[in-house]
Amino acid sequence: MSRIDLNGKVAVVTGGGRGLGLAYARALARAGASVVVNDVDEEIAAAAVKEITGAGGQAVAEVVPVGDTAAADRLVGRAVEAFGRLDVMVTNAGILRDRVLWKMSDDDFDAVLGVHLRGTFTCARAAAVRMREQGDGGSIVLVGSPAGQRGNFGQTNYAAAKAGIAAMARTWSMELARSEITVNAIIPVAATAMTETIPAFAPYIEEQRKGRPLPDFLRKGEGFGTPEDCAALVPYLASDAARDITGQCIGIGGDKLALWSHPQEIAAAYADGGWSPETIAAVWPASLGREPQSVGIPAPVVPEA
């Protein structure tokens, strides 16, 4: 088994100062990449850089909230200034403003889409421009979520943004194929501040903090683990070993690695001359209505003691 080697490659990780983003930045640096760690908190970003460089890696910080074009240009510019090029863009930065539909404000909605969706767009666009100028390909790794694949109660804004990110991965994989730039979305599942709010997960996350490992029913059955468990996928997708993988949504968490399907038709019915409301009502129960699709993230099945 050959080692994944990213020596000579330069990566940007947005939201890279803590949680999943820090795990991605560490993994890229361990594989040999030079990393620009982005965060909105100067102390957090500096601590991440200190950790990476202290372990023998190369890293610099760029403190800016992602979302607008100026921030994206700063991140790409920082990579080029510090390390001479850009090979990998990881769009991890995000925020939460959870509310049910009838309580969600315009600001709640706009703030989340501004960071997740617009921030992904502006950073990926800036990276694509630079990579195309360099002329030797690259990797754009977008960060999705099960909420974007399945929907999630109370997360209109977040689920919409993450669904849009999956759609952008598919679109950009086509647009950037001739430039040999791969674009994929990863779907991580890990013990984070967000998942800690799920009652079924909370006691196990607390036990993990005390040094106890997560049980197999979570690590394997639910694909749920630590941020570090999700990190290996990022350097793999950034490597030459994954140069033929693009346009995919790939899940990782705990001991589980999974490929998510793309939306596609699963059933169809036909009517000569077209449909009326009445003919749809007559046909639906015995045809398309037999295969309704489920929604939401399935609750973890906790084994009986």
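Everything numeric here is computed off the predicted structure, so don't read it as measured data.

Caption draft 1: Looking closely at the overall build of the protein. Along the backbone of the protein there are eleven helices and eight strands. By the compact-globule yardstick of 19 Å for 305 residues, the protein fits well, its C-alpha radius of gyration being 21 Å. Seen through its principal axes, the protein has C-alpha atoms that stretch 65 × 55 × 45 Å. Counting only contacts in the protein whose residues sit at least 6 apart along the sequence, the fraction spanning at least 24 positions is 69%. Total accessible area on the protein is roughly 15,800 Å²; 54% of this is exposed by carbon and sulfur atoms. Averaging the positions of the 28 positive and the 35 negative side-chain charges in the protein gives two centres separated by 3 Å.

Caption draft 2: Molecular detail of a nonpolar patch on the surface. Side chains of Trp275, Ile280 and Trp284 sit close together on the surface and give an oily, nonpolar patch of about 320 Å² of accessible area. Within the secondary structure, Ile280 is located in helix α11 (residues 277-283). We classify Ile280 as partly exposed; its relative accessible area is 40%.

Caption draft 3: View of helix α6 (residues 156-175). Here α6 contains 20 residues, and its C-alpha end-to-end distance of 28 Å stays within 8% of the 28 Å for a straight helix at 1.5 Å per residue. Restricting attention to buried positions, one finds in α6 the residues Asn157, Tyr158, Ala159, Ala161, Lys162, Ile165, Ala166, Met168, Ala169, Trp172 and Ser173. Considering only its buried residues, α6 is in contact with α4 (106-134), β5 (138-143), α5 (146-150), β6 (181-188) and β7 (249-253).

Rules used throughout
Residues numbered from 1 in each chain as written. Predicted model: local features only at pLDDT ≥ 70, side-chain atom pairs only at ≥ 80, totals over all residues. Heavy atoms only, no water. Helix = DSSP H or I, 4+ residues; strand = E, 2+ residues; numbered from the N terminus. Rg over C-alpha atoms; globule rule 2.2 N^0.38 Å. Contact = heavy atoms within 4.5 Å. Areas by Shrake-Rupley, 256 points an atom, 1.4 Å probe, with all protein chains shown as cover. Lys, Arg positive; Asp, Glu negative; His and termini not counted. Charge placed at Lys NZ, Arg CZ, Asp CG, Glu CD. Patch = residues over 30% accessible without salt bridge, like charges linked within 9 Å, V, L, I, M, F, W, Y side chains within 5 Å. Salt bridge = Lys/Arg side-chain N within 4 Å of Asp/Glu carboxyl O. Buried < 20%, exposed > 50% of the residue type's maximum accessible area, 1.4 Å probe, protein only. Expected span 1.5 Å × (residues − 1).

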